[in-house]
Amino acid sequence: MASICAQTLTIRPKSVPLFRSLHNFPSILPIPSSSLFGRPDFANRTVRMGSRLVIAPKATLSGTDGSVIDAIGDVKIFSAADDRSVAFKDLWDQKEEMAVVALLRHFGCICCWEFASALKEVKPRFDAAGVKLIAVGVGTPDRARILAERLPFPLDCLYADPDRKAYDALDLYYGISRTFFNPASVKVFSRSESLKKVFKNYTISATPDDKSSVLQQGGMLVFKGRELLYARKDEGTGDHAPLDEILDICCKAPVA
C-alpha cells in the first residue's frame, strides 16, 4: 500500500499529465488533498475493497492543497449553452463549493448518453446537497446541444472540449484497445435496459467530426473548493464511476 501511495501522489508540474502515474493501479483512486503533500498517513486512511481503493470519510474533507486544480485550472473548454470559453477553475466557486466533474467520452457515444441520463436523474440530490454538477464531453458545443436537446440534459451543466485538452491534461485513457477490447467495457452488457431507454432519442450525428476522438475514455473528479476528494479514470467504454460512491462522498447517502 505504501509503495502505491508514494508513486501516485507525487505533485507534478502543469506540463506533466496529472494521472500519468495511475496507469498501473486501480481505476478508482480517491485522493485527499492532504495526501498530495506526500503524508505517510495516507495508507492508514484508506481501505481496500476488492481491487479498488476507497478513501475513508475523515480523509476526504481534510487539507487545503490545490495542486490538482492548479494543474488543470487554466484549461479552456466551451459552454454548450452559449459557446463561451471558460477555464476549469471558473466552473465552480473555488472557496467552498463542491463540484462533481464528469468527463464523458464524446457526445455521440451511446454509453455516455446513458451515463448523462443517470447523472440527470441524481442531479436533484446534488442540488439539495449544494453540489454543482458539471459534465464535459469531447466535441464541439453544437454536438453537445444535440445530446442536451434529445436526451434531454440541462444545458447549463454541459461543456464541450473539442481538442480533448482536459483529457490530455489528466492523461485519461485513449486508444483502440481501451475503447474496444478492454475487459471493463463488457459492463455495458449488464445495462441493456437503460441503454434501450436512451437509444429511443439517440443520434449518431452528435459524434465529433474528428473520428479519432471516439477513442477517448472519460473519468470522474469530485472537488470541494480547490481540494480534490475523488479521482477516477474509466478503464474502458461504458466503465463509468459508480454513482453510489459519488453520492456517498457528496451527499453522505447511497443510491436508493
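In case you missed it, the structure is sitting above this.
Cut-off values and rules
Residues numbered from 1 in each chain as written. Predicted model: local features only at pLDDT ≥ 70, side-chain atom pairs only at ≥ 80, totals over all residues. Heavy atoms only, no water. Helix = DSSP H or I, 4+ residues; strand = E, 2+ residues; numbered from the N terminus. Buried < 20%, exposed > 50% of the residue type's maximum accessible area, 1.4 Å probe, protein only. Contact = heavy atoms within 4.5 Å. Core = buried A, V, L, I, M, F, W, Y, C linked by side-chain atoms within 4.5 Å. Pairing = 2+ DSSP bridges. Expected span 1.5 Å × (residues − 1). Bend = angle between axes of the 7 residues up to and from the residue. Right-handed = clockwise from strand over helix to strand, strands pointing away.

Caption draft 1: Structural view of the overall build of the protein. Assigned secondary structure in the protein consists of nine helices and nine strands. The buried share of the protein, reckoned over its 256 residues, is 57%. Intrachain contacts of the protein at a sequence separation of at least 6 include 74% that bridge at least 24 residues.

Caption draft 2: Expanded view of the nonpolar core. Counting residues in hydrophobic clusters, the biggest one holds 42 residues, and the most contacted among them are Val100, Phe126, Phe153, Leu158, Met220, Val222 and Ile246. With eight residues, the top contributor of residues to this core is helix H4 (residues 110-128). Dropping the residues within four chain positions of it, Phe153 is found in contact with Ala116, Leu119, Lys120, Leu133, Ala135, Leu147, Ala148 and Leu158.

Caption draft 3: A look at the pairing of strand S9 (residues 227-233). S9 sits mainly inside the fold: seven of its seven residues count as buried. With six bridges connecting them, strand S8 (residues 219-224) and S9 associate as antiparallel partners. Looking at S9, one finds that Met220 is bridged to Arg232. Taken together, S8 and the strand that follows it, S9, pair antiparallel across an intervening segment of two residues, in which Gly225 is found at a positive phi of about 65 degrees.

Caption draft 4: Fine view of H4. When the terminal C-alpha atoms of H4 are compared, their 28 Å separation across 19 residues agrees well with the 27 Å that a helix rising 1.5 Å per residue should span. Roughly 45 degrees is the biggest bend found in H4, and it falls at Val122, with proline Pro124 one to four residues downstream. Every buried residue of H4 is listed here: Cys111, Cys112, Trp113, Glu114, Phe115, Ala116, Ser117, Leu119, Val122, Lys123 and Phe126. Check the buried side of H4 and you find it contacts strand S5 (98-106), strand S6 (131-138), helix H5 (141-150), helix H8 (192-199), S8 and helix H9 (243-251). Looking one or two places after H4, you find Gly130, whose phi comes out positive at around 75 degrees.

Caption draft 5: How the structure looks around unusual backbone geometry. Cis geometry is adopted by the peptide bond preceding Pro152, which originates at Leu151 and carries an omega value of -5 degrees. Here Pro152 is to be found in the loop between H5 and strand S7 (158-160). One non-glycine residue, Arg164, lies in the positive phi region at around 60 degrees. As for its placement among the helices and strands, Arg164 is situated in the loop between S7 and helix H6 (165-170). Note on Arg164: relative accessible area 14%, which makes it buried.

Caption draft 6: Spotlight on the pairing of S5. Burial of S5 is extensive: nine of the nine residues sit out of reach of the surface. Alignment of S5 against S6, held across seven bridges, turns out to be parallel. What sits directly across from Ala99, in S6, is Lys132. For the crossover that starts at S5, traverses H4 and ends in the parallel S6, the hand is right-handed.

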